[in-house]
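One letter stands for each residue in the lines below.
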Amino acid sequence: MNGARKLLIVEDDLGLQRQLRWAYDGYQVFVAGDRTTAIDLLRAEEPDVVTLDLGLPPDPDGVTEGFATLDAIVSLKPDTKVIVASGHGARSSALKAIEHGAWDFYQKPIDIDALGLIVSRAFHVHDLETENRRLAAASSGTTVLGGMITAAPEMLKVTRTIERVAAADVSVMLLGASGTGKELLARGLHDSSPRRDGAFVAINCAAIPETLLESELFGHEKGAFTGAVKTTEGKIEQAQGGTLFLDEVGDIPLALQVKLLRFLQERVIERIGGRRPIAVDTRIVCATHQDVDAMVADGRLREDLYYRLAEIVVRIPTLAERAGDAGLLARHFLKKYAKAMQSGVTSLAPDALAAIDGWRWPGNVRELENRMKRAVIMAEGKAISAADLDLAEEVDPTPLNLKAVREIADRQAIRHALARAEGNISNTAKLLGISRPTLYDLLKSYDLHA
């Protein structure tokens, strides 16, 4: 019995005590007939689930002693799932019990089978919450390249690729939707490279007018144009010995692409208004959310420039493709903004976790961060709810057939379980409630990898 789950039954009726002991022979059962004994057992055994009769002595016809016991249990061990049973004013007692921290309520006379299901579900929920807390506590262990937080195999593969190419002095192109962390990965690449002691300079090519972009990149000499009152180095020169990150490189105008190509080929630049070539040793890392193949085909991006910029191409998955990461990141942002705003918010309610897992996150990590910041401000209690996140229910597209629905559900469940279990097959199988051989078959069938 040492390995069995611990269940505390607080019940003063000796007949019910014997009946409940017999019904829960799959658990390690402890029985208390009064508040003092119950609290002593709670301290000594730390049970995960408690069934509590509100009608305890010395006032078995009332509920005062029962509520005092409930308050003591919740105060001493808040994660305990307390299932309250009473025959006294069922509805008012239920509402008051939930108010005081009870997990569920059951009206007497007790149906052993029904109560058994409630107890089993309570243990299951306790396990999930324990796992969530473990993941939250270990979130610092999921920090990888560039400070990125992830446990998803798809993103870990990306970070390993970047770490491998960091030491090679080649140009890297990062392809991914807005908000997927392209600049964070570019900075991580720089920090992992031999150029880490040089400068990391970032410029968003889409945010600067075409007339100013050339000066921003290549610099200008004094008097080169009206307003050029002094010689100014461009971003390429500022990144000498380091890394220049060109975000939204697809927005560079064609005329300027020619000048950028010359720099990549010859590693020299000329400032606007200058006549002297300047040798510059700068590594280029670029990124875009656009379809580069379509841009090359349309003539918006020079093919020769593309091949110079894209010596190594890394495709970044969206947040929706990174199973389990949304929950990890949500907890990270909760801690970050709760501390910054001195808020009392400490956790995510179950409906918020479900909403986060179910949302497609079209704005990716940036959208998640903004919603979590808003939720920390809007939350009225200590836990953020789905309403605080302002996540509307999504309408799933009509499935092709029942087999497709099952496959989608299986894939999603397996990927989330793998993320929670950090790729451990045994723990993943336990989370899913299946055997290891069954899990291996599913992984092979759906081409998934731990």
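Please refer to the structure higher up on the page.
Residues numbered from 1 in each chain as written. Predicted model: local features only at pLDDT ≥ 70, side-chain atom pairs only at ≥ 80, totals over all residues. Heavy atoms only, no water.

**Side note on the state of the cysteines**
Next up, step 1: All chains considered together, the criterion is met by zero disulfides.
Next up, step 2: The cysteine Cys205 is free of any disulfide, with Cys286 supplying the nearest cysteine sulfur at 8.9 Å.
Next up, step 3: Looking at Cys205, the relative accessible area reads 2%, which means it is buried.
Next up, step 4: Judged by its relative accessible area of 0%, Cys286 is buried. (Disulfide = S-S within 2.5 Å. Buried < 20%, exposed > 50% of the residue type's maximum accessible area, 1.4 Å probe, protein only.)

**Some words on the packing of aromatic side chains**
We describe a pair of aromatic rings using the distance from one ring centre to the other and the angle between the two ring planes.
Next up, step 1: Considering all chains together, one arrives at five aromatic pairs under this definition.
Next up, step 2: Consider the rings of Tyr27 and Phe123, whose centres lie 4.8 Å apart with planes at 20°: the pair is stacked. Here Phe123 lies in helix H5 (residues 112-137) and Tyr27 lies in the loop between helix H1 (14-23) and strand E2 (28-32), a separation of 96 residues in the sequence.
Next up, step 3: Each residue in the set Tyr24, Tyr27 and Phe123 is aromatic and connected to the rest through ring pairs, giving one cluster.
Next up, step 4: Its guanidinium or amino end placed over the ring of Phe67, Lys96 lies 4.6 Å from that ring's centre, counting from NZ or CZ.
Next up, step 5: Sitting above the plane of the Phe263 ring, Arg267 keeps its charged end 5.2 Å from the centroid. (Phe/Tyr/Trp six-rings, centres within 6.5 Å; stacked < 30°, edge-to-face > 60°. Helix = DSSP H or I, 4+ residues; strand = E, 2+ residues; numbered from the N terminus. Lys NZ or Arg CZ within 6 Å of the ring centre and 35° of its normal.)

**Some remarks on the sheet that holds strand E6 (residues 172-175)**
Next up, step 1: Ordered by their spatial adjacency, five strands build an open sheet running E7-E10-E13-E6-E14, and the pairing between neighbours is parallel. The sheet is open, and its two edges are formed by strand E7 (200-204) and strand E14 (312-315), each paired on a single side. Strand-to-strand twist in this sheet, taken as the mean axis angle between neighbours without regard to direction, amounts to 20°.
Next up, step 2: Bridge analysis of strand E10 (residues 243-247) against strand E13 (residues 283-288) gives five bridges, and the strand direction is parallel. Across the sheet, residue Asp247 finds its bridge partner in E13, namely Ala287.
Next up, step 3: Contacts from helix H6 (residues 153-166) reach E6, E13 and E14, with the element oriented near 160° to E14. (Pairing = 2+ DSSP bridges. Axes fitted to C-alpha atoms, helices over the stretch in contact; angles between N-to-C directions. Contact = heavy atoms within 4.5 Å.)

**A closer look at the side chain of Gln257**
Next up, step 1: Relative to the assigned elements, Gln257 resides in helix H10 (residues 254-266).
Next up, step 2: In this structure the side chain of Gln257 is engaged in a polar contact, spanning 2.9 Å, whose partner is the backbone oxygen of Ile252.
Next up, step 3: When sequence neighbours within four positions are dropped, the list of residues in contact with Gln257 reads Ile252, Arg300, Leu301, Arg302 and Leu305. (Polar contact = N/O pair within 3.5 Å; in protein donor to acceptor, adjacent residues only side chain to side chain.)

**Remarks on empty space enclosed by the protein**
Next up, step 1: As enumerated under the stated definition, the model contains one cavity of 30 Å³ or more in all.
Next up, step 2: Roughly 60 Å³ of volume is contained in the largest cavity.
Next up, step 3: Sorting the residues of the lining of the largest cavity by element identifies strand E1 (6-10), strand E3 (49-53) and strand E4 (81-86) as the ones contributing at least two each.
Next up, step 4: Counting residues per element, the lining of the largest cavity draws most heavily on E3, which supplies three residues.
Next up, step 5: Of the residues belonging to the lining of the largest cavity, the class tally is eight nonpolar, one polar and two charged. (1 Å grid on protein atoms, 1.4 Å probe; cavity = no way out; pocket = protein on both sides within 12 Å on 5 of 7 lines; lining within 4 Å. Points joined across faces, edges and corners; volume = space filled by probe spheres on them. Nonpolar A, V, L, I, M, F, W, Y, C, P; charged D, E, K, R; others polar.)

**A look at the sheet that holds strand E5 (residues 104-107)**
Hydrogen bonds between backbone groups are what pair the strands of a sheet, and the pairing can be parallel or antiparallel.
Next up, step 1: Read from one edge of the open sheet, five strands run E2-E1-E3-E4-E5, paired in parallel fashion. Each edge of the open sheet is held by one strand with a lone partner, namely E2 and E5. Ignoring which end each strand starts from, the neighbouring axes of this sheet average 20° apart.
Next up, step 2: Relative to E4, E3 is paired through five bridges, and the arrangement is parallel. Each residue of the ladder has a partner; that of Val49, found in E4, is Lys81.
Next up, step 3: Docked against the sheet, H1 engages E1 and E2, running at close to 170° with respect to E2.
Next up, step 4: Helix H2 (residues 35-45) contacts E1 and E2 of the sheet and is inclined by roughly 150° relative to E2.

**Concerning the side chain of Asp388**
Next up, step 1: Turning to its location among the elements, Asp388 is positioned in helix H16 (residues 386-389).
Next up, step 2: An unpaired buried charge is present at Asp388: no salt bridge exists, and Arg374, the closest side chain of opposite charge, is 6.1 Å distant.
Next up, step 3: Not counting residues within four places of it along the chain, the set of residues in contact with Asp388 comprises Arg374, Ala375, Met378, Ala379 and Ala383. (Lys, Arg positive; Asp, Glu negative; His and termini not counted. Salt bridge = Lys/Arg side-chain N within 4 Å of Asp/Glu carboxyl O.)

**Examining the environment of Thr80**
Next up, step 1: Looking at the element boundaries, Thr80 is found in the loop between helix H3 (64-76) and E4.
Next up, step 2: Residues Thr80 and Val50 lie 30 residues apart in sequence; the distance between their C-alpha atoms is 7.2 Å.

**Some words on the packing of helix H8 (residues 210-218) against H10**
When two helices pack together, their arrangement is given by the angle between their axes and by how far apart the axes lie.
Next up, step 1: Packing of H8 against H10 brings their axes to within 11 Å, and their N-to-C directions diverge by 10°. On the basis of their axis angle, the class for H8 and H10 is roughly parallel. Along this stretch, H8 crosses H10, giving a crossing that reads as left-handed. Facing Leu213, Glu214, Leu217 and Phe218 of H8, the residues of H10 in contact are Leu256, Lys259, Leu260 and Phe263. (Parallel < 35°, antiparallel > 145°, perpendicular 65-115°, else oblique. Left-handed = near helix turned anticlockwise from the far one by under 90°.)

**A closer look at the nonpolar core**
Next up, step 1: Ranked by size, the top nonpolar core spans 32 residues in total, and within it Met173, Leu244, Leu246 and Phe263 carry the most contacts.
Next up, step 2: Looking at this core, the elements that each hand over two or more residues are E6, E7, H8, E10, H10, E13, helix H11 (292-298) and helix H12 (303-309).
Next up, step 3: Top element by residues in this core is H10. It accounts for five residues.
Next up, step 4: Ranked by size, the runner-up nonpolar core spans 28 residues in total, among them Ala352, Ala375, Ala379 and Ala386. (Core = buried A, V, L, I, M, F, W, Y, C linked by side-chain atoms within 4.5 Å.)

**Describing H2**
Next up, step 1: Every buried residue belonging to H2 is among Ala38, Ile39, Leu41 and Leu42, and all of these are buried. In an axial view of H2, the angular spread of the buried residues amounts to 160°, which keeps them on one side of the axis. Exposed positions of H2 whose direction lies more than 90 degrees from the buried face are Thr36, Arg43 and Ala44.
Next up, step 2: Looking at the packing, one finds that the buried side of H2 touches E1, E2 and H3.
Next up, step 3: Taken from the residues just after H2, Glu46 is the one with a positive phi, measuring 50°. (Arc of directions from axis to C-beta.)

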